[in-house]
Structure formats: C-alpha cells, structure tokens
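Coordinate analysis (summary)
Below, each chain spelled out in residue letters.
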Amino acid sequence: MCFVCEAKHAAWVGRRAFLLAAAGAATAAISPPLLAQVDVGKSSELRKLVPAEELEGAATQEYAKLLAEARAKGVLAPPGHPQLQRLRGIAARLIPQAAQWNGHAKQWRWEVNLISSKQINAFCMPGGKIAFYTGVLEQLKLTDDEAAMIMGHEMAHALREHARARIAKSQGTGTLLSLGAQLLGLGQLGDVAASIGTQLLTLRFSREDESDADLVGLELAARGGFNPQAAVSLWEKMGQAGGGAGGPSFLSTHPSGPERIQQLQANVPKVQALYLRARG
C-alpha cells in the first residue's frame, strides 16, 4: 500500500513540476507574438464533421490504456527519469506556442511520457497526449533541438487536427458527409471517431498533412528557442536510419526523402528571426 501511495505522490510531483515549467514559459513571453511565418493555409473544413470532444476523449482513453500497459511491463519511465525530464523541459517551451495554431489547445490537458523501447517512434494524440520511445532518442542520438523538431511535428498533427479530418474523409466527402451529418447527427459521427481510438497510433496522414506538420512544427520549435537547422539534420538522420530492411516504425507513417528536407531548408530562413528572438 505504501508503495502505491509513494508512486502516486511521485507522479503528482513530476506532473506538477512539468505544469509549473509550462506556465513559467508562458508568462515569460512578455513580448507580443509575431504572426505565423510559415504558410500552411487553414485546417481542413472536413474536420468539423467529427466532434473534437469525441475524438479527444477516445485519444485520452487509448493513451491511458497504453500507459497502463507500459507500467505493467515496467517500461514506463518514472517522473525522475533524466530523459523524461529532458522531454518535459522541451515540451514546457513548445506548449505555450500552441494556441496560435489552435485556440482550443489552451484547454488541453497536456501530458508527456517516455516508454522504454527500441522503437524509433513518437506521437502526439488529439488533446495533447505526447509519448516518446527511448529508441528515437538513443538510436538517433538526438540533440535537444532535434528532439524538439520531432515533438513540434507531432504536436502540429494534433493542433492542425489532421486525425479529425482524416476520420471525416474516411466516411466520405462533400455532399455525402453533409447528408450524413444531417441524417445521423454529429453524435453518431462522433461514435465513429471513438471506435477508431486504437488506430490513432498507426494513422497514416497524407503527404499534405506531413508537409503541414513539418512547417508548423518547425515554427513551434523556433518560437520555443530551438535551432531550426535541427529540422534538416533530424530528417537526414531519419533517412540514414531507414536505409536498411525493416526501417524505423516512425518512417512507416512519416516517410523521409530529399523533397522533405528541401522544403524544410527553404523554410528555415522564415523562422530564423523567431528563433533569435526566443533566444534573446
């Protein structure tokens, strides 16, 4: 019993420190925010056909299940784990930048956790549920700047509500979806969202979604004071890691390539001033 109490206390202390760090970073930004420097346009209107609350609720349940399974296997990093503290420190600098891309993110209950696994993988589920696998940090030997680029990219998928739009598209397009919304009601479309909670970890985004997340993630990281050049070195490492058979699971849903790197290189100058400003 005492071990359970101690574990709960440790988890609260770790989470409280993380939230305080995030709040501190937010209040430290006393200068007015600059407008977005990367051009990604508006989020897909189709996403509105799937209630955000339904999908975020499904994501929260799936995330809790994942953490429970990791805890049972002894692979969930404790609050004091150095790599977890490192990731939460990065998140504390990125989260205050999120509202510019999605005002609803102010109400999200952000979480960051680390799972011990050789997988080269990371994700951010709808509602701000972030997880990294130790494999992506250790096998790619990521710097803080490169880790911030991955986190920013994954946060961007959530902020731009790519999963929500993807679900809507899978149910049909145009008038079919509009008719479905009228006949079935958004609640039933929300049930569809909840039913795919288990698929959120393997959801494949379109090339446009990936490009969108690359650029928004690049700007999020730059605003947080992380060197935007790290986006290029990160994807170069990803490309090298994917050279052999059975490459990183991350690349199965986030394919690397020269075009991706070229686009990032072209956008680094656009956010350089944001990075310098954040660095003071």
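Structure: above.
Summary of the structure given here. (Residues numbered from 1 in each chain as written. Predicted model: local features only at pLDDT ≥ 70, side-chain atom pairs only at ≥ 80, totals over all residues. Heavy atoms only, no water.)

**Overview of unusual backbone geometry**
Although it is not a glycine, lysine 141 sits at a positive phi angle of roughly 50°. With respect to the element layout, lysine 141 can be found in the loop between helix H4 (134-139) and helix H5 (144-159). Not every positive phi belongs to a glycine, and glutamate 161 is a case in point at roughly 55°. Tracing the backbone through its elements, the reader meets glutamate 161 in the loop between H5 and helix H6 (162-170). (Helix = DSSP H or I, 4+ residues; strand = E, 2+ residues; numbered from the N terminus.)

**What to know about the environment of glycine 128**
Within the secondary structure layout, glycine 128 lies in the loop between strand S2 (122-125) and strand S3 (129-133). The buried category is assigned to glycine 128, whose relative accessible area is 0%. Expressed as a C-alpha distance, the spacing of glycine 128 and glutamate 111, which sit 17 residues apart in the sequence, is 6.4 Å. Here glycine 128 is in contact with Trp108, Arg109, Trp110 and Glu111, once residues within four sequence places are set aside. (Buried < 20%, exposed > 50% of the residue type's maximum accessible area, 1.4 Å probe, protein only. Contact = heavy atoms within 4.5 Å.)

**Looking at the pattern of salt bridges**
One pass over the full model with this rule turns up seven salt bridges. We note a salt bridge from lysine 129 to glutamate 111, for which the minimum N-O separation is 3.0 Å. In this pair, lysine 129 sits in strand S3 while glutamate 111 sits in strand S1 (residues 111-115), placing the two residues 18 residues apart along the sequence. Judged by its relative accessible area of 22%, glutamate 111 is partly exposed. Of the charged contacts, one joins aspartate 214 and arginine 260 as a salt bridge, the two residues approaching to 2.6 Å between their closest N and O atoms. With a gap of 46 residues between them, aspartate 214 in helix H9 (residues 207-223) and arginine 260 in helix H12 (residues 258-279) connect regions that are remote in the sequence. Accessibility assignment for this pair places aspartate 214 and arginine 260 in one class, buried. Through salt bridges with shared partners, one network takes in Glu210, Asp214 and Arg260. (Salt bridge = Lys/Arg side-chain N within 4 Å of Asp/Glu carboxyl O.)

**Topic: helix H2 (residues 52-72)**
With 21 residues, H2 should cover 30 Å at 1.5 Å per step; its first-to-last C-alpha distance of 30 Å lies within 8% of that length. Among all positions in H2, only Ala52, Leu55, Glu56, Ala58, Ala59, Glu62, Tyr63, Leu66, Leu67 and Ala70 are buried. Among the residues trailing H2, glycine 74 stands out with phi positive, at a value near 75°. (Expected span 1.5 Å × (residues − 1).)

**With respect to the environment of leucine 76**
With respect to the element layout, leucine 76 can be found in the loop between H2 and helix H3 (82-94). We classify leucine 76 as buried; its relative accessible area is 17%. A sequence separation of 39 residues divides leucine 76 from isoleucine 115, and the C-alpha atoms of the two residues are 4.8 Å apart. Setting aside residues up to four positions removed in sequence, leucine 76 forms contacts with Leu67, Ala70, Arg71, Asn113, Leu114 and Ile115.

**Here we look at the sheet that holds S1**
Taking strand neighbours across the sheet as the criterion, the three strands line up as S1-S3-S2 in an open arrangement whose pairing is mixed. The open sheet has two edge strands, S1 and S2, and neither has a second partner. Across this sheet, the average inter-strand angle for adjacent strands is 15°, counted without regard to direction. Where S2 and S3 come together, four bridges link them in antiparallel fashion. The partner of methionine 125 across the bridge, within S3, is lysine 129. This element, H3, spans S1 and S3 of the sheet and lies at about 150° to S1. Packing of H5 onto the sheet brings it into contact with S2 and S3, and relative to S2 it is tilted by some 30°. (Pairing = 2+ DSSP bridges. Axes fitted to C-alpha atoms, helices over the stretch in contact; angles between N-to-C directions.)

**Notes on the packing of aromatic side chains**
The way to describe two aromatic rings as a pair is by their centre distance and the angle between their planes. Counted under the stated rule, the structure contains two aromatic pairs. Geometrically, the ring pair formed by tyrosine 63 and phenylalanine 123 is edge-to-face, given 6.5 Å between the ring centres and 85° between the ring planes. Taken together, the residues tyrosine 63 in helix H2 and phenylalanine 123 in strand S2 connect sequence positions 60 residues apart. Note on accessibility: tyrosine 63 and phenylalanine 123 belong to one class, buried. Residues tryptophan 108 and tryptophan 110 carry aromatic rings whose centres are separated by 5.3 Å and whose planes lie at 55° to one another, so their mutual orientation is tilted. Accessibility expressed as a relative area gives 9% for tryptophan 108, which makes it buried. Positioned above the aromatic ring of tryptophan 235, the side-chain terminus of arginine 260 is 3.9 Å from the ring centre. (Phe/Tyr/Trp six-rings, centres within 6.5 Å; stacked < 30°, edge-to-face > 60°. Lys NZ or Arg CZ within 6 Å of the ring centre and 35° of its normal.)

**A word on the nonpolar core**
Formed by 54 residues in total, the largest nonpolar core has its most connected members in Trp110, Phe132, Val136, Met151 and Met155. Among the elements that line this core, the one with the most residues is H5, at nine residues. Not counting residues up to four positions away in its chain, the partners in contact with valine 136 are Gln119, Ile120, Asn121, Leu142, Ile150 and Met238. By size, the runner-up hydrophobic cluster in this structure holds eleven residues, among which are Ala59, Tyr63, Leu66 and Met125. (Core = buried A, V, L, I, M, F, W, Y, C linked by side-chain atoms within 4.5 Å.)

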